[in-house]
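Structure at a glance
What follows is the residue order along each chain.
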2 protein chains.
Amino acid sequence: MSNADTVREYLLDLQRRIVAECARIDGGKFVKDKWAKGRDETLQGDGITMIREDGQVFERAGCGFSHVVGPALPASATQHRPELAGSGFEALGVSLVFHPRNPYAPTVHMNVRMIVATPDNAEPVAWFGGGMDLTPYYGYEQDAIHFHSVCKNAVEPFGADKYPRFKAWCDEYFYLKHRDEQRGVGGIFFDDFAESGFMNGFALMSSVGDAFIDAYMPILKIRMDTPYGDRERDFQLYRRGRYVEFNLVWDRGTHFGLQSGGRAESILLSMPPLASWAYQRQTRPGSPEDDLYKKFLVRKDWV
Amino acid sequence: MSNADTVREYLLDLQRRIVAECARIDGGKFVKDKWAKGRDETLQGDGITMIREDGQVFERAGCGFSHVVGPALPASATQHRPELAGSGFEALGVSLVFHPRNPYAPTVHMNVRMIVATPDNAEPVAWFGGGMDLTPYYGYEQDAIHFHSVCKNAVEPFGADKYPRFKAWCDEYFYLKHRDEQRGVGGIFFDDFAESGFMNGFALMSSVGDAFIDAYMPILKIRMDTPYGDRERDFQLYRRGRYVEFNLVWDRGTHFGLQSGGRAESILLSMPPLASWAYQRQTRPGSPEDDLYKKFLVRKDWV
């Protein structure tokens, strides 16, 4: 098996495992949509979209696998290897965003990916990226601590520097500059990882992928049945508007994907099922909504 | 009075007139929010935001006036005058987006603006821009024809070439490339207008601003009381998701404004109060929803 085949197998299995666990918790099936090729002819490839909409637990949960081959690596895909921009490439990944119905249950995002550049006159170069981050509507310290602890344990075997670096990278990346707000309580994020060769990178990526269920599901389970009313629902919809703003304005993958002819419906799996906007919405000092901004949507060491 | 003072007076009066007419139709008052300065220190200026949220007729209607002075004109602001990028500038405008509650009433956008570049070693250069476009959820030929006719009449006195050029420009600009879809039925759009000097440009801009009430209000009035149910409401929310996608991904003003430290809440006046996303939502052939895509969200000569 080629390296890409090995990674493909792993990713397809990861997607199956995550979706099976979610379907079990939700009590309903995900819809499976296999697709081939992007919107235009420059990207070739295939993918599997698994999505649950209007479920008991998940109001919208999308988990996509994709594997594309393109003629020219975009410069934005490899900030640290400008010499590879424009070379042929292969990209494989699993990406998910889950929007639970209950406002006390946080939204979560996870992504793991490998990119292989195949320059004409040199050996292929592979690197890995990934991460996960948590976006609560109502903050719980214990949830943030749990999520970060699992993230830390997943990457620590690869070096003591990894968690602090990837945690800081996550805070940096999932930041809404126009609001001066973090997207959520963070987690880990890394890109361009090629330390110690393919096997080490693949092991790191797999460790992050494998950790997802442990990182998120226990939080979901303790929050998903919390009683709530219009107040919490309204705040959740409003905060989901920020999720939309981040993904469409700042997320390089989303923005670049949409502008360059990627498959819109797959890229926009991350969108919430429903989101609202209101002019200068204020929170009452000392309220749980105010706590979210002051205690959770800030850069903070959780573990 | 300086040219900028003259334009400022006009714009403030235009905002007052439009808001008064909307408040009359809605039966409720707009909230007035005066602000000064942008989010960071690079842009100085002031503005007045007028907004009606959760009204009888308007679910969210924002109309903003702004007047800013900056040290360095962004290249994106003057595509046809690259030599002025980086020079000092002054920008004044009124911008509005109205989202009615009734799904049979279309969303509308209008913007008129003047930009003056003040290079260190040369005379100031002023140009005008603006336009308006209509985004129905349920299409009516007579509405599209009426809207375009008013647009045409507003710009025709400035040359027979104006309406065809500005109409085509609007179709080009309000296009969601990632969906291969027009945002709506179009209207007119122009930028970098400086033909025949200040007075001519100001007259064109005013003619467009003055035409707005005639272009939109008659359509709103005949649609705003149409009975509707969940089906129409669901489709409206879904289509509003496209409005969000356009504004955050493709609209140069919004995207640039948010990335460069503009006032987020003013820039995002255009966001709908509530919007939804669903995976590969289909429409039944021959249904009014299907008609919208096939007969209205396409480039077409309406007059």
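Residues numbered from 1 in each chain as written. Chains lettered and ligands numbered in written order. Predicted model: local features only at pLDDT ≥ 70, side-chain atom pairs only at ≥ 80, totals over all residues. Heavy atoms only, no water.

Points about helix H1 (residues 3-26) of chain B
Spanning 24 residues, H1 of chain B covers 35 Å between terminal C-alpha atoms, matching the ideal 34 Å at 1.5 Å per step. Downstream of H1 of chain B by one or two residues, Gly-27 of chain B has phi in the positive range, about 80°. (Helix = DSSP H or I, 4+ residues; strand = E, 2+ residues; numbered from the N terminus. Expected span 1.5 Å × (residues − 1).)

A closer look at the pairing of strand S9 (residues 186-193) of chain A
Residues and elements named next belong to chain A. Most of S9 is tucked away: eight of the eight residues are buried. Note that strand S6 (residues 125-135) and S9 share six bridges and pair antiparallel. Its bridge partner being in S9, Gly-130 is matched across the sheet by Phe-190. (Buried < 20%, exposed > 50% of the residue type's maximum accessible area, 1.4 Å probe, protein only. Pairing = 2+ DSSP bridges.)

Quick notes on the interface of chain B and chain A
With 34 residues of chain B in contact, the opposing surface of chain A contributes 34 residues. Broken down residue by residue, the surface that chain B buries against chain A is led by Glu-265, Trp-277 and Tyr-279 of chain B, which jointly contribute 25%. Where Glu-265 of chain B meets Arg-179 of chain A, a salt bridge forms, and the shortest distance between an N and an O atom there is 2.5 Å. Taken together, chain B and chain A are joined by 15 residue pairs in polar contact (both at pLDDT 80 or more). Secondary-structure elements contributing two or more residues to the side of chain B that touches chain A are strand S2 (44-53), helix H5 (230-250), helix H6 (252-259), helix H7 (264-267) and strand S10 (274-276) of chain B. If you tally residues by element for the side of chain B that touches chain A, the top one is H5 of chain B, at six residues. Residue composition of the side of chain B that touches chain A, by class: 18 nonpolar, six polar and ten charged. Taken together, the three bridges between strand S10 (residues 274-276) of chain A and S10 of chain B define a ladder with antiparallel strand orientation. (Contact = heavy atoms within 4.5 Å. Buried area = accessible area lost by both parts, 1.4 Å probe. Salt bridge = Lys/Arg side-chain N within 4 Å of Asp/Glu carboxyl O. Polar contact = N/O pair within 3.5 Å; in protein donor to acceptor, adjacent residues only side chain to side chain. Nonpolar A, V, L, I, M, F, W, Y, C, P; charged D, E, K, R; others polar.)

Side note on the sheet that holds strand S9 (residues 186-193) of chain B
All names here are of chain B. Taking strand neighbours across the sheet as the criterion, the seven strands line up as S1-S2-S3-S4-S5-S6-S9 in an open arrangement whose pairing is antiparallel. The sheet is open, and its two edges are formed by strand S1 (31-36) and S9, each paired on a single side. Strand-to-strand twist across the sheet, computed as the mean angle between neighbouring axes with direction ignored, equals 5°. Relative to strand S4 (residues 88-100), strand S3 (residues 58-70) runs antiparallel, the two being bridged by twelve bridges. When the sheet's bridge partners are listed, His-67 is paired in S4 with Leu-92. Packing against the sheet, H1 makes contact with S2, S3, S4, strand S5 (107-118) and strand S6 (125-135), and its axis sits at approximately 10° to S4. (Axes fitted to C-alpha atoms, helices over the stretch in contact; angles between N-to-C directions.)

Remarks on the sheet that holds strand S4 (residues 88-100) of chain A
All names here are of chain A. With respect to topology, seven strands assemble into an open sheet ordered S1-S2-S3-S4-S5-S6-S9, the strand pairing being antiparallel. The sheet is open, and its two borders are formed by strand S1 (31-36) and S9, each paired with just one other strand. Strand-to-strand twist across the sheet, computed as the mean angle between neighbouring axes with direction ignored, equals 5°. Contacts from helix H1 (residues 3-26) reach strand S2 (44-53), strand S3 (58-70), S4, strand S5 (107-118) and S6 within the one sheet, and its direction differs from that of S4 by about 10°.

Side note on the confidence of the model for chain A
Looking at chain A as a whole, its pLDDT mean stands at 94, while 97% of the residues score no less than 70. Confidence estimates for the predicted assembly give a pTM of 0.95 and an ipTM of 0.94. (pLDDT = per-residue confidence, 0-100.)

A few points about empty space enclosed by the protein
For the structure on display, the rule yields five cavities of 30 Å³ or more. What lines the largest cavity is Thr-135, Pro-136, Tyr-137, Leu-176, Gln-182, Arg-183, Arg-239, Arg-242, Tyr-243, Phe-246 and Leu-297 of chain A. The element that contributes the greatest number of residues to the lining of the largest cavity is helix H5 (residues 230-250) of chain A, accounting for four residues. Split into classes, the residues belonging to the lining of the largest cavity amount to six nonpolar, two polar and three charged. Considered as a void within the structure, the second largest cavity measures approximately 50 Å³ in volume. If you trace the second largest cavity, you find it lined by Thr-135, Pro-136, Tyr-137, Leu-176, Arg-183, Arg-239, Arg-242 and Tyr-243 of chain B. With three residues, the top contributor of residues to the lining of the second largest cavity is H5 of chain B. (1 Å grid on protein atoms, 1.4 Å probe; cavity = no way out; pocket = protein on both sides within 12 Å on 5 of 7 lines; lining within 4 Å. Points joined across faces, edges and corners; volume = space filled by probe spheres on them.)

Observations concerning the relation of the copies chain B and chain A
Screw-axis analysis of chain B against chain A gives a translation of 0.0 Å along the axis, an RMSD of 0.0 Å, and a rotation angle of 180°. The operation mapping one copy onto its partner corresponds to a two-fold rotation axis. When the interface residues of chain B are mapped onto chain A, 100% of them are again interface residues, pointing to one common binding face. (Least-squares fit on C-alpha atoms with pLDDT ≥ 70 in both.)

A short note on the packing of helix H2 (residues 141-155) of chain B against helix H4 (residues 197-223) of chain B
All names here are of chain B. Contact geometry of H2 with H4 gives a least axis separation of 8 Å together with a crossing angle of 165°. By the angle between their directions, the pair H2 and H4 is classed as roughly antiparallel. Crossing of H2 over H4 shows right-handed handedness. Packed against H2, whose contacting residues are Gln-142, Asp-143, His-146, Phe-147, Val-150, Ala-154 and Val-155, the element H4 presents Leu-204, Ser-207, Val-208, Ala-211, Asp-214, Ala-215, Pro-218, Ile-219, Ile-222 and Arg-223 at the interface. When the residues that make up the contact of H2 with H4 are grouped by side-chain class, the tally is eleven nonpolar, three polar and three charged. (Parallel < 35°, antiparallel > 145°, perpendicular 65-115°, else oblique. Left-handed = near helix turned anticlockwise from the far one by under 90°.)

Some thoughts on the packing of helix H2 (residues 141-155) of chain A against helix H3 (residues 162-173) of chain A
Residue and element names in this part refer to chain A. At their nearest, the axes of H2 and H3 sit 9 Å apart, and the two run at 130° to each other. Between H2 and H3, the interaxial angle falls into the category oblique. Relative to H3, the crossing made by H2 is right-handed. Across the interface between the two elements, His-148, Cys-151, Lys-152 and Val-155 of H2 pack against Lys-162, Tyr-163, Phe-166 and Lys-167 of H3.

Notes on unusual backbone geometry
Here Ser-196 of chain A, not a glycine, exhibits a phi torsion of approximately 60°, which is positive. Structurally, the position occupied by Ser-196 of chain A is in the loop between S9 and helix H4 (197-223). In this structure Ser-196 of chain A comes out as exposed when scored by relative accessible area, which is 66%. Within the chain, Asp-192 of chain B stands out as a residue other than glycine whose phi angle is a positive 55°.

A closer look at the side chain of Ser-87 of chain B
All names here are of chain B. Within the secondary structure, Ser-87 sits in the loop between S3 and S4. Given a relative accessible area of 12%, Ser-87 falls into the buried group. Excluding residues within four positions of it along the chain, Ser-87 makes contact with Pro-71, Ala-72, Leu-73, Ala-117, Thr-118 and Pro-119.

Digging into the packing of aromatic side chains
Aromatic ring pairs are defined here through the distance separating the ring centres and the angle between the ring planes. All names here are of chain A. Inspection of every chain in the model, using the stated rule, returns 42 aromatic pairs over all chains. Look at Tyr-10 and Phe-202: their rings are 5.8 Å apart centre to centre, the planes differ by 85°, and that puts the pair in the edge-to-face class. Here the residue Tyr-10 occupies a position in helix H1, and Phe-202 occupies one in helix H4, the gap between them amounting to 192 residues. The two residues Tyr-10 and Phe-202 agree in class, both being buried. (Phe/Tyr/Trp six-rings, centres within 6.5 Å; stacked < 30°, edge-to-face > 60°.)

Re the environment of Arg-8 of chain A
Residues and elements named next belong to chain A. If you trace the backbone, Arg-8 turns up in helix H1. Residue class for Arg-8 comes out partly exposed when judged on its relative accessible area of 21%. Along the sequence, Arg-8 and Asp-210 sit 202 residues apart, while their C-alpha atoms lie 15 Å from each other.

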